[in-house]
Amino acid sequence: MKKVILIVVSVMLIAFAAFAQNENQLFSRLQGIYSSGTDFFNVDGIEINSQTKAEEFSKKNILKHFSKLKIKEKDLMQGDSTLGFRNFYVVKKYEEPKGVLNSVSFYFVENKNNQILAVTFASLMATNQALERQLVPLLRDGAIPPRVFNSFGADSINFAGRRIKIGRNCAWRGVNNMQCPSYGQMSWSVHATSESAQQDIDTQVARIFNQKKGKTVLDTTATVIFEGVEVPARKIVYDFTGITSLLLTMEGGKRLNIYFVVAPVRNNYVSCVMSFWDTDQINKSGLPPLIERVMSLKSNSSNPTH
């Protein structure tokens, strides 16, 4: 009997250790921001937001309080039975811009207070339901650790596990999307696999080309050092001469330089898009101050792809 008990206990401990390790791996990639009652997250190239409404969990209240999501009553027909609590699960796919597939998953969950928790997963890739099923219960239980969150007023950011100093004039444009006037902008996502990171970059490049704003004057490959690792980067330069927009008025530039990078970083993989205008402060390195924090150019050699 003692042997049986020991075996059962050992199996339970192994299972618990595996579960804890899986959670820690997720938290090493997950980043979030609090904003006006809504939590925003980014992981594996997926944008996530979570919001609770202090109303009884019902179809009527879901339709009333989340009308902006354009969910109809006919959409609230089934839930994800694997979660173990009441919920409605809705998946929508659409092209925006044309030729770029967007996947959006909506979870409307009954929390422990019989209130409505709405969680949205938006991606330019296929839905990742395994990740969704892992994250939704954590959000429902309030089990996301504080270290995952960045604050708006901080003078440093968590860049894929490394603390980076930034100026006070910098501002978040989204989760893992930092802009510093005249110093550049970068957005990134931390992935479990290189395939996921590469797919994220590929879809972002496709989205930019499909928007058809500006004229591509350079599309090339350059060797860079990104977080200490030598990798190839795709560089695209857009010319906006003759195009009037609010963005150009604010920035004052006519050419936008964009670097797209996929690199192994601290036991994960990072997809990163870095951009700056021709009027930004460009240092001797050929890069503005913000982007210098994570990347340097190895050489000026390049291989045009267009």
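Residues numbered from 1 in each chain as written. Predicted model: local features only at pLDDT ≥ 70, side-chain atom pairs only at ≥ 80, totals over all residues. Heavy atoms only, no water.

**Observations concerning the overall build of the protein chain**
Part 1 of the argument: Of the regular secondary structure elements, the protein chain holds 6 helices and 17 strands.
Part 2 of the argument: Looking at the protein chain as a whole, 43% of its 306 residues qualify as buried.
Part 3 of the argument: The long-range share in the protein chain, meaning contacts at least 24 apart out of those at least 6 apart in sequence, stands at 56%. (Helix = DSSP H or I, 4+ residues; strand = E, 2+ residues; numbered from the N terminus. Buried < 20%, exposed > 50% of the residue type's maximum accessible area, 1.4 Å probe, protein only. Contact = heavy atoms within 4.5 Å.)

**A look at the nonpolar core**
Proteins that are soluble and globular tend to have nonpolar side chains buried together.
Part 1 of the argument: If you look at the biggest cluster of nonpolar residues, it comprises 31 residues, and the most contacted ones within it are W188, F226, M274 and M295.
Part 2 of the argument: Contributing elements (two or more residues each) for this core: strand 8 (156–159), strand 11 (177–180), strand 12 (184–191), strand 13 (215–226), strand 14 (229–239), strand 15 (255–265), strand 16 (268–277) and helix 6 (289–292).
Part 3 of the argument: The contact partners of M274, leaving out residues within four places of it in the chain, are Q185, M186, F226, N257, I258, Y259, V261, I291, V294 and M295.
Part 4 of the argument: Listed in part, the 23 residues of the second largest apolar core include V43, I46, V109 and F121. (Core = buried A, V, L, I, M, F, W, Y, C linked by side-chain atoms within 4.5 Å.)

**Structural notes on the pattern of salt bridges**
Part 1 of the argument: Applying the stated criterion across every chain yields a total of 12 salt bridges.
Part 2 of the argument: Here R86 ties to E110 by a salt bridge, and the two come within 3.4 Å at their closest N and O atoms. With R86 in the loop between helix 2 (59–65) and strand 4 (87–95) and E110 in strand 5 (residues 101–110), this pair connects stretches of sequence that are 24 residues apart.
Part 3 of the argument: Note on R86: relative accessible area 47%, which makes it partly exposed.
Part 4 of the argument: For the salt bridge of K298 with E230, the shortest nitrogen-to-oxygen distance reads 3.4 Å. Of this pair, K298 sits in strand 17 (residues 295–304) while E230 sits in strand 14, and the two are 68 residues apart along the sequence.
Part 5 of the argument: Taken together, the shared-partner salt bridges connect K112, R140 and D141 into one network. (Salt bridge = Lys/Arg side-chain N within 4 Å of Asp/Glu carboxyl O.)

**Focus on helix 3 (residues 129–140)**
Part 1 of the argument: Compared with the 16 Å implied by 1.5 Å per residue over 12 residues, the 16 Å span of helix 3 between its first and last C-alpha is a close match.
Part 2 of the argument: Taken as a whole, helix 3 has its buried residues at L131, E132, L135, V136, L138 and L139. Projected down its long axis, helix 3 carries its buried residues within an arc of 165 degrees, all on one side. (Expected span 1.5 Å × (residues − 1). Arc of directions from axis to C-beta.)

**Brief notes about the packing of aromatic side chains**
Part 1 of the argument: Scanning all chains against the criterion turns up 14 aromatic pairs.
Part 2 of the argument: When the ring of W172 is compared with that of W188, the centres are 6.3 Å apart and the planes differ by 45 degrees; the resulting orientation is tilted. Taken together, the positions of W172 in strand 10 (residues 171–174) and W188 in strand 12 put the pair 16 residues apart, joining distant regions of the chain. When sorted by exposure, W172 lands in the same class as W188, which is buried.
Part 3 of the argument: A ring pair is formed by Y238 and F240, whose centres lie 6.3 Å apart and whose planes are at 45 degrees; its orientation type is tilted. Per residue, the accessibility class of Y238 equals that of F240, and both read buried.
Part 4 of the argument: Put simply, the rings of F159, W172, W188 and F226 pair up and form one aromatic cluster. (Phe/Tyr/Trp six-rings, centres within 6.5 Å; stacked < 30°, edge-to-face > 60°.)

Note that every value here comes from positions in space, so none of it alone points to a role or purpose.
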